[in-house]
Amino acid sequence: MSGVRVLVGTRKGAFVLTSDAKRERWDVAGPHFAGWEVYHLKGSPADPNRLYASQSSGWFGQIIQRSSDGGATWEQMGNAFAYASVPGTHQWYDGTPHPWEFARVWHLEPSLTDPDTVYAGVEDAALFRTIDGGATWHELAGLREHSSGSSWQPGAGGMCLHTIVLDPSDAQRIYVAISAAGAFRSDDGGLTWRAINQGLRSEGIPDETAEVGHCVHRIAMHPSRPNVLFMQKHWDVMRSDDAGDSWREISGNLPSDFGFPIQTHAHEPDTIYVVPIKSDSEHFPPDGKLRVYRSRTGGNEWEALTNGLPQENCYVNVLRDAMAVDTLDSCGVYFGTTGGAVYASADSGERWAPIVRDLPAVLSVEVQTLP
Amino acid sequence: MIRVVLPAHLRTLARVAGEVAIAVDPPTTHRAVLDALEANYPMLRGTIRDHITQRRRPFVRFFACGRDLSHESPDTALPEAVSSGDEPLLIVGAMAGG
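Note that the structure is a prediction, hence the values are computed from the model and not measured.

The rules behind each value
Residues numbered from 1 in each chain as written. Chains lettered and ligands numbered in written order. Predicted model: local features only at pLDDT ≥ 70, side-chain atom pairs only at ≥ 80, totals over all residues. Heavy atoms only, no water. Phe/Tyr/Trp six-rings, centres within 6.5 Å; stacked < 30°, edge-to-face > 60°. Helix = DSSP H or I, 4+ residues; strand = E, 2+ residues; numbered from the N terminus. Buried < 20%, exposed > 50% of the residue type's maximum accessible area, 1.4 Å probe, protein only. Contact = heavy atoms within 4.5 Å. Polar contact = N/O pair within 3.5 Å; in protein donor to acceptor, adjacent residues only side chain to side chain. Pairing = 2+ DSSP bridges. Axes fitted to C-alpha atoms, helices over the stretch in contact; angles between N-to-C directions. Buried area = accessible area lost by both parts, 1.4 Å probe. Salt bridge = Lys/Arg side-chain N within 4 Å of Asp/Glu carboxyl O. Nonpolar A, V, L, I, M, F, W, Y, C, P; charged D, E, K, R; others polar.

**Q** It is not clear to me how the packing of aromatic side chains should be interpreted in this structure. Could you clarify?
**A** Aromatic rings in a pair are described by how distant their centres are and how their planes are angled relative to each other. Residue and element names in this part refer to chain A. Per the stated rule, a full pass over the model turns up 17 aromatic pairs over all chains. Ring geometry for F284 versus Y315: centroids 4.9 Å apart, planes at 80°, classification edge-to-face. A residue pair is termed long-range when its members are at least 10 positions apart, and F284 in the loop between strand 23 (272–274) and strand 24 (292–295) and Y315 in the loop between strand 25 (303–305) and strand 26 (323–325) qualify at 31 residues. Overall, the relative accessible area of 49% leaves Y315 in the partly exposed class. Joined through ring pairs, the aromatic side chains of F81, Y83, F102, F128 and W137 make up one cluster.

Structure (structure tokens):
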């Protein structure tokens with residue numbers, strides 16, 4: 001019988017939530033790596049029992065863990081993330097040059113076809129790849145060496161590469177997003193990169209339409225239509241129909257177009273989900289009401305999904321990596337909050353219920369649909 | 001044998017319950033002890049000192065014999081009582097943050 005496995009990274013460990021296809025009763029396992037920050041964990045599309053986790057600590061640095069049994073047991077893998085060339089400098093918050101320094105892995109994106117190949121997005125912003133199951137990591141330095149690299153600046157959370165999107169129709173095409181540099185695309189497997197920020201407008205930078213400097217929070221793609229991208233920017237929800245070459249705003253009637261995650265429906269390429277947040281200075285839902293907004297028209301027209309979500313006194317955030325969908329016939333949608341709740345809807349967002357309420361602050365949510 | 005007490009999170013990574021004992025050829029400097037520790041417990045590489053620079057991570061401290069040795073050169077010999085195994089080298093996660 002099919003089922004789902006929800007992989008939850010939190011400030012104090014990782015949790016694995018499992019259910020059958022009804023998604024009514026859940027088993028909660030964890031914490032794994034108790035006491036450590038788990039920014040992200042994700043399974044291989046080519047081997048669902050192969051999981052990778054980023055475990056980090058301000059005291060003891062970066063650890064990479066791998067599971068070959070769906071998260072029941074874990075094996076510590078290589079954790080040497082050395083920039084492939086002289087790191088150089090980027091801009092610091094005050095505009096002065098600052099040396100590139102590795103801090104942590106924000107996001108792990110397993111290959112669509114090879115369980116031993118994984119991309120890692122790190123802070124300070126760079127893209128690494130392993131082809132030996134996590135034993136060794138090598139930087140794809142063309143991104144950091146982009147001509148604009150010395151002008152990149154950190155966002156409030158650090159200068160992090162937090163989004164990696166692999167094109168299922170073209171193994172050479174990779175998208176990444178960096179806060180606060182913007183979005184980039186490679187068409188040659190990660191060797192060279194171009195900034196894809198045309199159409200973005202950011203009021204917080206001197207040139208609002210600059211080539212780089214935009215705080216892109218998240219990019220989503222539906223696998224059936226890989227040239228169409230959706231973006232939650234610091235402010236503004238955006239859409240591209242040409243693989244990022246140009247963007248247009250689709251914020252429409254959202255109560256706020258600030259937010260972090262954006263996600264596509266598993267079966268409807270024009271159905272997208274965001275979680276509006278009041279502002280960049282007040283990271284909680286408008287009016288204390290936790291509302292997921294869904295567009296079924298590819299943007300601009302949005303409806304609030306509230307059934308089962310707290311509609312008063314709710315002041316949590318939903319972080320960029322903390323929303324995901326399953327691929328069951330009735331698409332399940334999941335998200336985690338900084339208040340430690342993981343909510344699930346088994347019907348595309350019509351009705352919600354918490355799977356768990358009191359985990360540590362949730363940093364990431366990924367979902368695997370199991371056969 | 002040099003006795004080393006690891007902080008709880010590193011004991012978990014190393015899969016040890018109490019202090020560890022490692023053989024180190026003299027001179028028993030900070031660097032020699034950490035080299036031997038990482039050779040015996042490779043899962044600790046990068047957690048006590050940076051992979052690239054080999055510098056002590058900022059929130060890790062080295063204590064022994066009632067003294068803070070954190071700022072000594074990696075090539076400084078450890079106290080005789082540590083080299084002889086009478087006293088352990090304490091590797092400590094600094095009290096910082098929540």
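The discussion continues.
**Q** Whenever I open this one, the environment of N197 of chain A confuses me. Can you help?
**A** All names here are of chain A. With respect to the helices and strands, N197 occurs in the loop between strand 17 (194–195) and strand 18 (216–221). Overall, the relative accessible area of 3% leaves N197 in the buried class. Spatially, the C-alpha atom of N197 lies 9.4 Å from that of A181, the residues being 16 residues apart in sequence. Non-local contacts of N197, meaning those with residues more than four positions away in its chain, are made with A181, G182, A183, E211, V212, H214, V216 and W247. One polar contact links the side chain of N197 to the main-chain carbonyl oxygen of E211, over a distance of 2.8 Å.

**Q** Which parts of the structure should I look at to understand the sheet that holds strand 2 (residues 20–22) of chain B?
**A** Sheet strands line up and pair through hydrogen bonds in the backbone, either parallel or antiparallel. Residues and elements named next belong to chain B. Strand order in this open sheet of five strands is 2-1-5-3-4, and the pairing throughout is mixed. Strands at the two margins of the open sheet, each flanked by one partner only, are strand 2 and strand 4 (67–68). Helix 2 (residues 30–40) contacts strand 1 (2–5), strand 2, strand 3 (60–64) and strand 5 (89–93) of the sheet and is inclined by roughly 110° relative to strand 2.

**Q** What exactly am I supposed to notice about the interface of chain B and chain A here?
**A** The accessible area lost on association of the parts is a frequent measure of interface size. Residue-level contacts link 18 residues of chain B with 17 residues of chain A. Here chain B packs against chain A, burying approximately 1,300 Å² in sum over the two surfaces, 57% of which is carbon and sulfur. Taken together, the links from chain B to chain A amount to zero salt bridges. Taken together, the links from chain B to chain A amount to six residue pairs in polar contact (both at pLDDT 80 or more). Considering each element in turn, the side of chain B that touches chain A owes the most residues, three residues, to helix 1 (residues 8–14) of chain B. In the side of chain B that touches chain A, the residues fall into nine nonpolar, six polar and three charged.

**Q** What exactly am I supposed to notice about the pattern of salt bridges here?
**A** Side chains that differ in sign of charge can pair as their charged atoms come close. Scanning the model with the defined rule gives 30 salt bridges over all chains in all. A salt bridge links D347 of chain A to R351 of chain A; its shortest N-O distance comes to 2.8 Å. The exposure class of D347 of chain A is buried, given its relative accessible area of 16%. A salt bridge links R3 of chain B to E19 of chain B; the shortest N-O distance between them is 2.6 Å.

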